[in-house]
Amino acid sequence: MTFVFDARVASRGFDVSLEVKPGETVAVLGPNGAGKSTLLDLAAGLLRADSGRAVLDDTVLFDAVGGGRFTPPHERGVSLLAQQPLLFPHLSVLENVAFGPRSSGVSRLESRETARHWLAEVEALDLADRRPTQLSGGQAQRIAVARALASDPKLLLLDEPLAALDVAVAPALRRMLRRVLAGRTVLIVTHDILDAFTLADRVVVLDHGRIVEQGPTRDVLERPRSRFAAGLAALNLLVGVRTERGIRLDDGAEIAGASSLSPGTPAAAAVRPPAVRVSLDEPAEVNRLRGEVLDVEPRGDLVRVRSRHLAADVAPAVVADLDLAPGSTVWFAFDPAAVQIYAG
Ligand SMILES: Nc1ncnc2c1ncn2[C@@H]1O[C@H](COP(=O)(O)OP(=O)(O)OP(=O)(O)O)[C@@H](O)[C@H]1O
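From a predicted model like this one, the values you see are computed outputs, not experimental measurements. Chains are numbered independently. Their residues run from 1 in the order of the written sequence. With pLDDT at 70 or above as the cut-off, local features in this predicted model cover only qualifying residues; side-chain atom pairs require 80 or more to be listed or tallied, and sums for whole chains, interfaces and linings still use all residues.

### Quick word on the overall build of the chain
Along the backbone of the chain there are nine helices and 22 strands. The C-alpha extent of the chain, read off along each of the three principal axes, is 75 × 50 × 35 Å. It is the C-beta atoms, placed from the backbone, that decide contacts: two residues are in contact if theirs lie within 7 Å. A sequence separation of at least 24 residues applies to 62% of the contacts in the chain between residues at least 6 apart. Numbering of helices and strands runs from the N terminus, with a helix taken as a DSSP run of H or I at least four residues long and a strand as a DSSP run of E at least two residues long.

### As for the sheet that holds strand β17 (residues 288–292)
For two strands to pair, DSSP has to find at least two bridges joining them. Overall, antiparallel pairing links the three strands, which are arranged β16-β21-β17 in an open sheet. Edge positions in the sheet fall to β16 (277–279) and β17, since each has one partner strand and no second. When strand polarity is set aside, the average angle formed by the axes of neighbouring strands in this sheet is 30°. Looking at chain direction, β17 and strand β21 (residues 329–333) are connected through five bridges and run antiparallel. A fitted line through C-alpha atoms represents every axis, and for helices the fit uses only the stretch in contact; the resulting angles, taken between N-to-C directions, go from 0 to 180 degrees.

### Overview of the site of the ligand
Defining nearness, a residue is near a molecule or strand when the C-beta atom obtained from its backbone falls within 6 Å of it. Every residue lining the ligand is accounted for by S11, R12, G30, N32, G33, A34, G35, K36, S37 and T38. Only Asp, Glu, Lys and Arg are considered charged in this grouping, and only Ala, Val, Leu, Ile, Met, Phe, Trp, Tyr, Cys and Pro are considered nonpolar; every other residue, Gly among them, is considered polar. Classifying every residue of the shell around the ligand by side-chain character gives one nonpolar, seven polar and two charged.

### What to know about helix α4 (residues 137–150)
Expected span, for any helix, means 1.5 Å times one less than how many residues it has. A rise of 1.5 Å per residue sets the reference length of α4, with its 14 residues, at 20 Å; its end C-alpha atoms lie 20 Å apart and thus fit the reference within 8%. With twelve of 14 residues buried, α4 is to be regarded as a mostly interior element. Each residue is classed by its C-beta neighbour count within 10 Å, where at least 20 other C-beta atoms makes it buried, 12 or fewer makes it exposed, and intermediate counts make it partly exposed; the C-beta atoms are placed from backbone geometry. Among the residues of α4, Q139, A140, Q141, R142, I143, A144, V145, A146, R147, A148, L149 and A150 are the ones counted as buried. If you follow the buried residues of α4, they end up packed against β7 (78–81), α2 (93–103), α3 (108–121), β8 (155–159) and α5 (170–181). D152 sits one or two residues past α4 and shows a positive phi near 50°.

### Comments concerning the sheet that holds strand β20 (residues 311–314)
If you trace the three strands from one edge of the open sheet to the other, you get β18-β19-β20, paired in antiparallel fashion. Strands at the two margins of the open sheet, each flanked by one partner only, are β18 (295–299) and β20. Averaged over all neighbouring strand pairs, the angle between strand axes comes to 25°, with direction disregarded. Across four bridges, the pairing between strand β19 (residues 302–306) and β20 is antiparallel. If you follow R306 over to β20, its bridge partner there is A311.

### Side note on the packing of α2 against α4
Here α2 crosses α4 at 25°, and the two axes come no closer than 7 Å. On the basis of the axis angle, α2 is roughly parallel to α4. Where α2 crosses over α4, the handedness of that crossing is right-handed. Residues V93, N96, V97, F99, G100 and P101 of α2 touch α4, and the partners they reach there are I143, A146, R147 and A150. To sort the angles, those under 35 degrees are grouped as roughly parallel, those over 145 as roughly antiparallel, those from 65 to 115 as roughly perpendicular, and the leftovers as oblique. What makes a crossing left-handed is the near helix being turned counterclockwise from the far one by less than a right angle; a clockwise turn instead makes it right-handed.

### With respect to unusual backbone geometry
One non-glycine residue, L86, lies in positive phi territory at about 50°. Tracing the backbone through its elements, the reader meets L86 in the loop between β7 and α2. Positive phi, close to 50°, is recorded for D152, a residue that is not glycine. When you line up the elements, D152 lands in the loop between α4 and β8. Judged by local crowding, D152 falls into the partly exposed class, with 15 C-beta atoms found within 10 Å.

### A look at the domain arrangement of the chain
Looking at the assigned domains, one finds that the chain contains domain 1 (3–227) and domain 2 (234–343). Bear in mind that the domain bounds are from an automatic or database domain assignment. For domain 1 versus domain 2, the distance between C-alpha centres works out to 38 Å. Taken together, the contacts link four residues of domain 1 with five residues of domain 2. Partitioned by chemical class, the residues of the side of domain 1 that touches domain 2 number one nonpolar, no polar and three charged.

In structure tokens form, the structure reads like this:
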């Protein structure tokens, strides 16, 4: 089930082309307003593109050029699972899950059998006779997953399926999703790095309606090229041009670090916040950058001290000794060995 998508929506500054291969799960990441929901809505048929074309296997979902074709949502073979489960309140759990197959013409008996199968898959068969109002948030989301799968979609769209859930129930649901998504063609919008790691083969990062980077999940999170992906991976990202010694940043400062990249090529450097030290006096290290502290926030046993370009995780005693607060001007320093340089 290959999904080939290319669309523009001028009023939203949206311009995205992507392809999802058969059996591939692609996570769509990006800051608020990046265009993630717009992408899902276009694929589901809830929104029309100004131009572009999308094809799922041999079904043309829309083709703004070829005579303005538009396949209505229920004929697309696409299921959209929203953040909120949106179950029919007047139907039992079993009837909710059987609804899709039943409306596509399957007999009552067979659609119920399909519903039971998917309820078992999401480990919720014991809830079959309940009404949606008698379910917890996590249970309702399991039922919504079963319902989405029961119509045997060629493409499954998930919009932050775990976001509305209690942190305590999210891990069990994530495990269930990992199992039922295996081998399916899926686009999943998420803010959660763990979802991207555990559920997706590949990530696409959107910003301002465009793809700013994409690749295998691990590569993007270990070697981010966008500030957003670096933030998710909790890495400092410095971008510039490769030099003999390291990398020259846009503001002219040079950071030392090893890499096999040739000098002159665009490069990115990643540094983990715990590897960054903070001082008031100019340090002796070659890698040192001065910056104004924007915020100081506890993070586990350490405190994250953040400037515009760098974050450092330091011991609380350091914050107290240096009297760090937003507005302080400090030096950030780190060893060349702590810098990872790669193609930008
Ligand atoms: N109904 C709408 N009408 C007009 N513009 C919209 C509408 N919904 C979203 N937009 C705009 O389209 C752009 C993309 O928004 P979209 O909702 O797709 O982002 P998102 O990545 O899903 O954000 P979030 O993470 O906040 O859900 C934004 O500039 C937004 O303001």
